[in-house]
Amino acid sequence: MAITLTPVALQRVQRFVAETPGALGLRFGVTRTGCSGWGHVADLARERRDGDTVFEQDGIRIFVDADSMALVDGTEIDFGKQGLSETFLFRNPNATAECGCGESFTTEADLA
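Everything numeric in this text was worked out from a predicted model, so none of it was measured.

Concerning the nonpolar core
Phase 1 of the analysis: The biggest cluster of nonpolar side chains holds 23 residues, and the ones touching the most others in it are I3, L5, V13, F28, I62, V64 and I77.
Phase 2 of the analysis: Counting only elements with at least two residues in this core, the list comes to α1 (7-19), β2 (25-33), β3 (37-45), β5 (60-64), α2 (66-72) and β6 (76-82).
Phase 3 of the analysis: Tallying contributions element by element places α1 first for this core, with four residues.

Now the structure itself:
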């Protein structure tokens, strides 16, 4: 599988990378957080790390660390409005449940 960007998200990431000296692409993964356990994390990648899986889409590289890969594989990253703010949105096929506010998610492995 892979990590993919919708056209709107791709355009936004391309702009961020072009405006940031030294940016190599997008770093995407998860961190322990919230009431459901995992939260998506997206930031600019400034270096390639040992164990990274790198996907490329239309010239944009997406770096995913080894610990996050199983939890985010197959995710589609979008960009849109949520309430009054604009943000990245994640369609993660590995998420089996989300907390009420949508900030964190649980996987099948977490439920076992």
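Here we look at the packing of aromatic side chains
Phase 1 of the analysis: A complete count under the given rule lists three aromatic pairs for this structure.
Phase 2 of the analysis: Summarising the aromatic geometry, the rings of F79 and F88 are spaced 5.0 Å apart at their centres and angled 70° between planes, so their arrangement reads as edge-to-face. Taken individually, F79 and F88 each receive the classification buried, so the pair is uniform in this respect.
Phase 3 of the analysis: In textbook terms, an aromatic cluster arises when at least three aromatic residues are bridged by ring pairs, as seen for F16, F79 and F88.

Brief notes about the side chain of D78
Phase 1 of the analysis: Summarising the element assignment, D78 is placed in strand β6.
Phase 2 of the analysis: Of the polar contacts made by the side chain of D78, one reaches the side chain of T6; its length is 2.7 Å.

Quick word on the pattern of salt bridges
Phase 1 of the analysis: As enumerated under the stated definition, the model contains six salt bridges in all.
Phase 2 of the analysis: Between E86 and R12 there is a salt bridge, with its nearest N and O atoms 3.8 Å apart. One end of the pair, E86, is in strand β7 (residues 85-91); the other, R12, is in helix α1, and 74 residues separate them in sequence.
Phase 3 of the analysis: A salt bridge links E76 to R91, with the nearest nitrogen and oxygen atoms 2.6 Å apart. In this pair, E76 sits in strand β6 while R91 sits in strand β7, placing the two residues 15 residues apart along the sequence.
Phase 4 of the analysis: Salt bridges sharing common partners tie together E76, D78 and R91.

Rules of the game
- Residues numbered from 1 in each chain as written.
- Predicted model: local features only at pLDDT ≥ 70, side-chain atom pairs only at ≥ 80, totals over all residues.
- Heavy atoms only, no water.
- Core = buried A, V, L, I, M, F, W, Y, C linked by side-chain atoms within 4.5 Å.
- Buried < 20%, exposed > 50% of the residue type's maximum accessible area, 1.4 Å probe, protein only.
- Helix = DSSP H or I, 4+ residues; strand = E, 2+ residues; numbered from the N terminus.
- Phe/Tyr/Trp six-rings, centres within 6.5 Å; stacked < 30°, edge-to-face > 60°.
- Polar contact = N/O pair within 3.5 Å; in protein donor to acceptor, adjacent residues only side chain to side chain.
- Salt bridge = Lys/Arg side-chain N within 4 Å of Asp/Glu carboxyl O.

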